[in-house]
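Examining the three-dimensional arrangement
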Amino acid sequence: MSTEMIKITGLKKSYGSLEVLKGIDLTIAEKEVVVIIGPSGSGKSTLLRCMNYLEEPTEGTIVVDGIKLDGEANINEVRKEVGMVFQRFNLFPHMTVLENLVLAPMKVRGIDRKTAEATAMELLGKVGLSDKADSYPDQLSGGQQQRVAIARALAMKPKALLFDEPTSALDPEMIKEVLDVMKRLANEGMTMVVVTHEMGFAREVGDRVLFVDGGKILEQGKPDDIFLHAKEERTRSFLSKIL
Amino acid sequence: MELNFKLIEDAIPLLLAGAGITLEITAMSVGFGLLIGMIIGVARLASIKPVRYAANFYVDFIRGTPLLVQIFLVYFALPTIIGQRIDPFFAAICACSINSGAYIAEIFRAGIQSIDKGQMEAGRSLGMTWYQTMRYVIMPQAFKRIIPPLGNEFIAMLKDSSLVSVIGFEELTRRGQLIIARTYASFEIWLAVAVIYLIMTFTVARLVGLMERRFETK
């Protein structure tokens, strides 16, 4: 594998006396697609959210694209480069789709409106929503909103994208349109870390699957190795319940 | 008992001028209150403890004491400390702004807290600072939700500003008192004063309703 994009060492996270992450070491290479699976409450979302400091680690270091995360000063620098897609989309409801896409590039990167809008329109085309530029989020279906959210993250031209259960809040018939967009991104070489229950996506697109349980990475490997020949009993029992 | 309409007619110009001053104090107080309230409301949500405690103390103190006492504190007590008389207009605006600020702080706090946590996370995850996210994402949404309670606060202040009459400041209520001192027509004049307050509060309520509908359709 090529250069390191995200390197996590000895990551621990506690809420009061509850330890959610109990020592995670993880290196993610550039252009790698890593899928994180595991039961709810296992800490997989927390692990993802630590990668752009939405959750502050209790212990351990996180280095993203050569920048060590350690406080307000450089968090925004890293967040510029690492986009995030949420389960509940979190689009800005008071803005049109186009405004959603140009806000951060203009305010954070200082790009002028014309350039930002051109990029935004191009990205909307890519997610198949060119005709929705002037719509408001609440006029769109869940699948469309999530595709806008992906385009919004891409508008910052990030080096990596984090997905926090991106299809969990969607009606079944809308899941495919979102996964298709994600597959295309993966094929284009985007570095992606995806927390999901979509095992089909994991097998087809993932370079590596991590099984997280009890705040630790219990097992990891190529998708087929995990899905067909898991070594750990916990992994097998989890997979047997969801496959 | 019959009404002397001639008396009311004569008093109307003076009372209307007083009503103008009432509107002026209210608008200024709520205006400054809005500024104070926005800052204090955000401070009440701050993660830095001393900031939060100071903001809480301010809100608790103002909401826990009568406006009349606050007016006395500013007009009578403050001069003994600074050794200088305070102009009634300044004292009135000062007391009412500080009072209004505390109530508006609560309105802002509730408005900000009603916005989904995911909005701040989305803004921050795009690399925007806390301030940028507040300014462009949270506040515009919060503003829409706080228009009705802000309208109520304006109406409450419109009525409560009558209390500044006690420091001799000549707004609507004080004008009424002065005219009665001259004419002894309590019933006519207080009735006229009440009707003028009613017209003002009713109009403001309707305007707020209009604004609310305007914002709903984006």
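First, a word on scope: everything that follows refers to the structure included in this document. Within each chain, residues carry numbers counting from 1 in the order of the written sequence. Each chain is given a letter, starting from A, and each ligand a number, starting from 1, according to the order in which they appear as written. Predicted model: local features are reported for residues with pLDDT of at least 70 only, side-chain atom pairs are reported and counted for 80 or more only, and whole-chain, interface and lining totals are derived from all residues. Side-chain numbers come from the whole structure's heavy atoms, not from hydrogens or water.

Observations regarding the overall build of chain A
Each helix is a run of H or I in the DSSP string that is no shorter than four residues. Each strand is a run of E no shorter than two, and both are numbered from the N terminus. The helix and strand tally for chain A stands at nine helices and ten strands. At 18 Å, chain A has a C-alpha radius of gyration in line with the 18 Å of a compact globule built from 243 residues. For the C-alpha atoms alone, the extent of chain A along its principal axes is close to 55 × 40 × 35 Å. Counting over 243 residues, chain A shows a buried share of 57%. Working rule for contacts: check all heavy atoms of both residues, and any pair within 4.5 Å makes them a contact. Taking all contacts inside chain A whose residues are at least 6 apart in sequence as the whole, residues at least 24 apart take part in 66%. Looking at charge distribution, chain A has the averaged site of its 32 positive side-chain charges lying 1 Å from that of its 36 negative ones. In this setup the radius of gyration rests on C-alpha atoms only. A globule is expected at 2.2 Å times the number of residues raised to 0.38. Type-normalised accessible area, obtained with a 1.4 Å probe on protein chains alone, sets the label of each residue: buried when under 20%, exposed when over 50%, and partly exposed for intermediate values. Charge assignment: positive for Lys and Arg, negative for Asp and Glu; neither His nor the chain ends contribute. Where a charge lies is defined by one atom per residue type: Lys uses NZ, Arg uses CZ, Asp uses CG and Glu uses CD.

A few points about the interface of chain A and chain B
The partner chain B presents 19 residues to the 25 residues of chain A that form the contact. For the pair chain A and chain B, the summed buried area comes to about 1,900 Å², and 58% of that belongs to carbon and sulfur atoms. Put simply, a salt bridge is a Lys or Arg side-chain nitrogen that is within 4 Å of an Asp or Glu carboxyl oxygen. Counting every contact that joins chain A to chain B gives one salt bridge. Polar contacts, as used here, are pairs of N or O atoms within 3.5 Å; protein pairs need one atom able to donate a hydrogen and one able to accept it. Residues neighboring in sequence count only if both atoms are side-chain atoms. The tally of links from chain A across to chain B stands at seven residue pairs in polar contact (both at pLDDT 80 or more). Those elements that place two or more of their residues in the side of chain A that touches chain B are helix H2 (72-81), strand S6 (82-85), helix H3 (97-108) and helix H5 (142-154) of chain A. The term buried area refers to how much accessible surface (probe radius 1.4 Å) is lost by two components on association, counted for both of them together.

Some remarks on the pattern of salt bridges
All names here are of chain A. The full count for this structure, using the stated rule, is 22 salt bridges over all chains. Between Lys44 and Glu165 there is a salt bridge, with the nearest N and O atoms lying 3.9 Å from each other. Note that Lys44 is positioned in helix H1 (residues 44-50) and Glu165 in the loop between strand S7 (160-164) and helix H6 (172-187), a separation of 121 residues in sequence. Just as Lys44 is buried, Glu165 falls in that class too.

Some details on the pairing of strand S8 (residues 191-195) of chain A
All names here are of chain A. The buried fraction of S8 is high, at five of five residues. Of the two faces of S8, the one holding Thr191, Val193 and Val195 and the one holding Met192 and Val194 are both buried throughout. A pair of strands is considered paired only if DSSP assigns at least 2 bridges between the two. Looking at chain direction, strand S3 (residues 33-37) and S8 are connected through four bridges and run parallel. Paired with Val34 across the two strands is Val193, which belongs to S8. Here a crossover is taken to be right-handed if, once the strands point away from the viewer, the path from the first strand over the helix to the second is traced clockwise. What joins S7 to S8 is H6, and the crossover it makes is right-handed.

Here we look at the nonpolar core
By nonpolar core we mean a set of buried residues, namely Ala, Val, Leu, Ile, Met, Phe, Trp, Tyr and Cys, connected to one another through side-chain atoms within 4.5 Å. Formed by 74 residues in total, the largest nonpolar core has its most connected members in Ile6, Ile8, Leu47 and Met51 of chain A. Counting residues in hydrophobic clusters, the runner-up holds 49 residues, among them Leu98, Ala151, Ala153 and Ile175 of chain A.

Things to note about the sheet that holds strand S5 (residues 67-68) of chain A
Residue and element names in this part refer to chain A. Ordered by their spatial adjacency, four strands build an open sheet running S2-S1-S4-S5, and the pairing between neighbours is antiparallel. Single-partner strands in this sheet number two, and they are strand S2 (18-29) and S5. Pairing of strand S4 (residues 59-64) with S5 involves two bridges; the strand directions are antiparallel. Bridge pairing in S5 places Val64 opposite Ile67.

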